[in-house]
Amino acid sequence: MNILNIGLNHKTCPVATRERFAFSKQALPEAVHRMKQTVPASEWFLLSTCNRVEACFVTDRPHETRKGFEKFLSEIHQAETGQFEFYLYQYQDEEAVKHLFRVSCGLDSLVLGENEILGQIKEAYQLAQAEHASGPVLSRLLERALTVSKQARTQTRINEGAVSVPSAAVELAEKIFGRLHGEKVLVLGSGEMSALLLKHLVSSGAGAILIAGRREEKAKALACPFNAEVIPWDAWTKSLEQVDIVISSTSAPGILAGYEAVAAIMSARRHKPLFFIDIAVPRNIDARVGAIDDVYLYNIDDLKSVVGENLKGRKKEIEACERMIFHHAEEFSKWQGMLDSSEVIRSFRDYVTQCVEEEVERHLKQISSEERKILIDRIRGKILHAPLEKLKEAAGNGATQRYLEVIEALFRKPK
Amino acid sequence: MNILHLLIIFLSTLVLVIIGFAGFDSLQQFFAGRPGNQIYFGVHVAAAFSAYFCFAFSFIAGLLYLYQDHLLKKHKPVQGMSLEALEKGVFGGLLAGLPILTLALFSGFAWLKTEFGTFWLWNSKLISSVLAWLIYTALFYFHFFSAVRGRKMVILSVLAFSSILLIFLGLSFFDAQIHRVQ
């Protein structure tokens, strides 16, 4: 019995191919159903996100399973196998287990340590259960993958720190104001980046929004989806007294807010903190403003460097996650060894029972059936005790397979 | 862990140890059965200990606030609590500590009167407590009535606690010297 993992992801294939082979949420149940019919295996699991399409199988014939999966992709997406087979990666047994654990921890994601993958694996697992595609092995494997993933996220810092400019801005705002709850935001200019930042801030709890733009039409267009108030361009300095966060992204060639002006405003604000996010190039806020007490100024480079530092922090955690993955993969492999052995043990036990029964039947006809049963149990127990103990021991050090092969070869019931 | 982390841990531990010793000293005197009104003395010891515990809490929150502020200003990775939460800790400690300290002072004066027949003694704990009360009342007024907040106010509260601590330690040393001479 082998575990096989086949797929394509952002590392192996370009986005044009990935989007062609991705499955929409609605199409997934039908895809799993067809995969069961097309791919020769005993258990099936299909994961499709914007950065990966991969499947996991339990199979005795890995080569045929691979061919079946290629055929399935080819048929369902109407593509020649030759167009995509070189993009497919394949992992088998322990490597497949480790790969799935890495995926669940976000180590294989485009954004290292991202959390979304955890939910995506959960959903794919639920679908596999609903379609009766997953059996005891994949269920155990996927549950273990979810456990590793949660453990990595709680015991390491693999998912800590914002890794995009807008989320870094929100994270910094939260470090100043705590969890956002109605903080006022002033937006200068109406660029795309402002809209993106605003969206993140609003969804995190920021409150009233004021927008000031030289071109009123553009300011109104930005204000509309956020239900924001548009204020005249020459009134924005006055509003600095009330707002908490200022996003500046105008195309003005010079400085809009100078040191003296902001220092005066801070006195009027009685030093209530003020957070400037200056994403304009050239910059709109005098760099010296950042030196004023209770004013926090971040330009686009500062935000990018925060993102870079956070990513570096996440990379440092890879090793700790790999250790967890190794440990859990080892545990899984032990469990799998036990599962493989249970079938062989059952037939070994049946064989011994039959041999003993035949001999007892032939030579001890005068004893009662009760006594016969006890006798058979005792003889069978004595014969099986030592080899089964040895097998248990072997399961602990990963040598089960060797013993199972010997037992099968020596005690296979003659046909 | 960098030098600033270590400094904050060291200072916090030092402050808690000093307060612990001062409280222990007062408790010893209480259980030794000092003359005078035992109720006044008991209330005084409990209130003074609680008030300084609140101020120590405020002081530690203040150190953490200044550290977070430094990280944000220098654009370094920030972890832990927000400035807002730490500022609440600083002024929350002050808000809780000040009325308790007032109670400690008045019960202390009342006890002094019953034991020594006077409301005032030139003693390290008494001087530093009255000084603390004056400084914290000023801070309380500026923050809660004039709504001044931010880094400078936090620096003032940290300096206030540090100076009270130093005065207390200095005067305790002075008291000990006088006792040795006597």
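Basis of the calculations
Residues numbered from 1 in each chain as written. Chains lettered and ligands numbered in written order. Predicted model: local features only at pLDDT ≥ 70, side-chain atom pairs only at ≥ 80, totals over all residues. Helix = DSSP H or I, 4+ residues; strand = E, 2+ residues; numbered from the N terminus. Buried ≥ 20, exposed ≤ 12 C-beta atoms within 10 Å, placed from the backbone. Contact = placed C-beta atoms within 7 Å. Expected span 1.5 Å × (residues − 1). Pairing = 2+ DSSP bridges. Nonpolar A, V, L, I, M, F, W, Y, C, P; charged D, E, K, R; others polar. Axes fitted to C-alpha atoms, helices over the stretch in contact; angles between N-to-C directions. Parallel < 35°, antiparallel > 145°, perpendicular 65-115°, else oblique. Left-handed = near helix turned anticlockwise from the far one by under 90°. Right-handed = clockwise from strand over helix to strand, strands pointing away. Arc of directions from axis to C-beta. Core = buried A, V, L, I, M, F, W, Y, C linked by C-beta atoms within 7 Å. pLDDT = per-residue confidence, 0-100.

Turning our attention to the overall build of chain B. The helix and strand inventory of chain B stands at five helices and zero strands. Its helices and strands in sequence order give chain B the pattern α-α-α-α-α, from N to C terminus. Across the 182 residues of chain B, 32% fall into the buried class. Nonlocal contacts in chain B, meaning residues at least 24 apart in sequence, comprise 79% of its contacts between residues at least 6 apart.

Each helix and strand in chain A was counted, giving 16 helices and ten strands. In chain A, which comprises 415 residues, the proportion classed as buried is 37%. Considering only contacts in chain A between residues 6 or more positions apart, those separated by 24 or more positions represent 72%.

What follows concerns helix 6 (residues 116–130) of chain A. Residues and elements named next belong to chain A. Its 15 residues give helix 6 an end-to-end C-alpha distance of 21 Å, which sits within 8% of 21 Å, the value for a rise of 1.5 Å per residue. The elements touched by buried residues of helix 6 are helix 2 (28–38), strand 2 (43–48), helix 5 (94–105) and helix 7 (136–155). Looking one or two places after helix 6, you find His132, whose phi comes out positive at around 55°.

The next subject is the pairing of strand 1 (residues 2–9) of chain A. Residue and element names in this part refer to chain A. Among the eight residues in strand 1, six count as buried, and that is most of the element. Sheet analysis places strand 1 next to strand 4 (residues 89–92), joined by four bridges and oriented antiparallel. Bridge pairing in strand 4 places Ile6 opposite Gln90.

Listed as interface residues are 15 residues of chain B and, on the opposing side, 21 residues of chain A. Elements with a contribution of two residues or more to the side of chain B that touches chain A: helix 2 (38–73), helix 3 (83–116) and helix 5 (151–181) of chain B. Considering every element that reaches the side of chain B that touches chain A, the biggest residue donor is helix 3 of chain B, with three residues. For the side of chain B that touches chain A, a count of residues per class yields seven nonpolar, three polar and five charged.

Let's shift gears to the packing of helix 5 of chain A against helix 14 (residues 318–363) of chain A. All names here are of chain A. In contact at an axis separation of 9 Å, helix 5 and helix 14 are set at 135° when each is read in the N-to-C sense. Taken together, the axes of helix 5 and helix 14 are oblique relative to one another. As for how helix 5 packs across helix 14, the hand of that crossing is right-handed. On helix 14, the residues that touch Glu94, Val97, Lys98, Phe101, Arg102 and Cys105 of helix 5 are Cys321, Ile325, His328, Ala329, Phe332 and Ser333. Grouping the amino acids of the contact of helix 5 with helix 14 by side-chain chemistry returns seven nonpolar, two polar and three charged.

Right, let's talk about the pairing of strand 5 (residues 185–188) of chain A for a bit. All names here are of chain A. Across the two faces of strand 5 the burial is the same, with Val185 and Val187 and Leu186 and Leu188 all buried. As judged from the four bridges shared by strand 5 and strand 6 (residues 209–212), these two strands associate in the parallel manner. The partner of Leu188 across the bridge, within strand 6, is Ala212. Each parallel crossover has a hand, and for strand 5 linked through helix 9 (residues 192–203) to strand 6 it is right-handed. Of the pairings in the sheet, the one linking strand 5 to strand 8 (residues 245–248) comprises four bridges and is parallel in character. Considered in strand 8, the bridge of Leu186 is made with Val246.

Residues and elements named next belong to chain A. Along helix 2, the residues that are buried comprise Ala31, Val32 and Met35. Across the axial projection of helix 2, the buried residues extend over an arc of 100°, all falling on one side. Exposed side of helix 2, more than 90 degrees from the buried face: Glu30 and Gln37 are the residues found there. On the buried face of helix 2, the contacting elements are strand 2, strand 3 (52–59), helix 3 (62–76) and helix 6.

Across the junction of Val281 of chain A and Pro282 of chain A, the peptide omega takes the value 0°, indicating a cis bond. Within the secondary structure layout, Pro282 of chain A lies in the loop between strand 9 (274–278) and strand 10 (295–299). One non-glycine residue, Gln78 of chain A, lies in the positive phi region at around 45°. With respect to the helices and strands, Gln78 of chain A occurs in the loop between helix 3 and helix 4 (81–84). Under the C-beta neighbour-count criterion, Gln78 of chain A is labelled exposed, with 8 such atoms within 10 Å. If you check the backbone angles, His75 of chain B has positive phi at about 60° while not being a glycine. Note on placement: His75 of chain B falls in the loop between helix 2 and helix 3. By the C-beta count within 10 Å, which is 19 here, His75 of chain B ends up partly exposed.

A few words on the sheet that holds strand 3 of chain A. All names here are of chain A. A sheet is described by the order of its strands in space; here four strands give the open sequence 2-3-1-4, paired in antiparallel fashion. The open sheet is flanked by strand 2 and strand 4, the only strands paired with a single partner. The mean angle between the axes of side-by-side strands here comes to 15°, regardless of whether they run parallel or antiparallel. Across eight bridges, strand 1 lies against strand 3 in antiparallel orientation. Each residue of the ladder has a partner; that of Asn5, found in strand 3, is Cys56. Relative to the sheet, helix 3 contacts strand 1, strand 3 and strand 4, its axis offset from that of strand 1 by approximately 30°. The strands touched by helix 7 are strand 1, strand 2 and strand 3; relative to strand 2, the strand with the most contacts, the crossing angle is about 35°.

One finds Ala173, Val185, Ile211, Ile245, Phe276 and Ile277 of chain A to be the most contacted residues of the largest nonpolar core, which totals 89 residues. Sorting elements by how many residues they give to this core places helix 2 of chain B first, with 17 residues. Beyond its immediate stretch of four places on either side in the chain, Val185 of chain A contacts Leu198, Leu201, Ala206, Ile209, Val243, Ile245 and Ile247 of chain A. By size, the runner-up hydrophobic cluster in this structure holds 48 residues, among which are Cys13, Val53, Cys56 and Phe332 of chain A.

Residues and elements named next belong to chain A. Taken together, the six strands give an open sheet; going across it, the order is 7-6-5-8-9-10, and neighbouring strands pair in parallel fashion. Since the sheet does not close on itself, it has two edges, and those belong to strand 7 (229–230) and strand 10, each with one partner. In this fold helix 8 (residues 165–177) packs onto strand 8, strand 9 and strand 10, with an angle of close to 165° to the strand it touches most, strand 9. Sitting on the sheet, helix 10 (residues 216–226) is in contact with strand 6 and strand 7, with an inclination near 165° to strand 6.

Turning our eyes to something else, we now look at the confidence of the model for chain B. All names here are of chain B. Of all residues in chain B, 81% attain a pLDDT of 70 or more, and the chain-wide mean is 81. Element-level pLDDT for chain B is lowest in helix 1 (residues 3–31), with a mean of 69, against a maximum mean of 90 in helix 3. As scored by the predictor, the complex reaches a pTM of 0.70 and an ipTM of 0.78.

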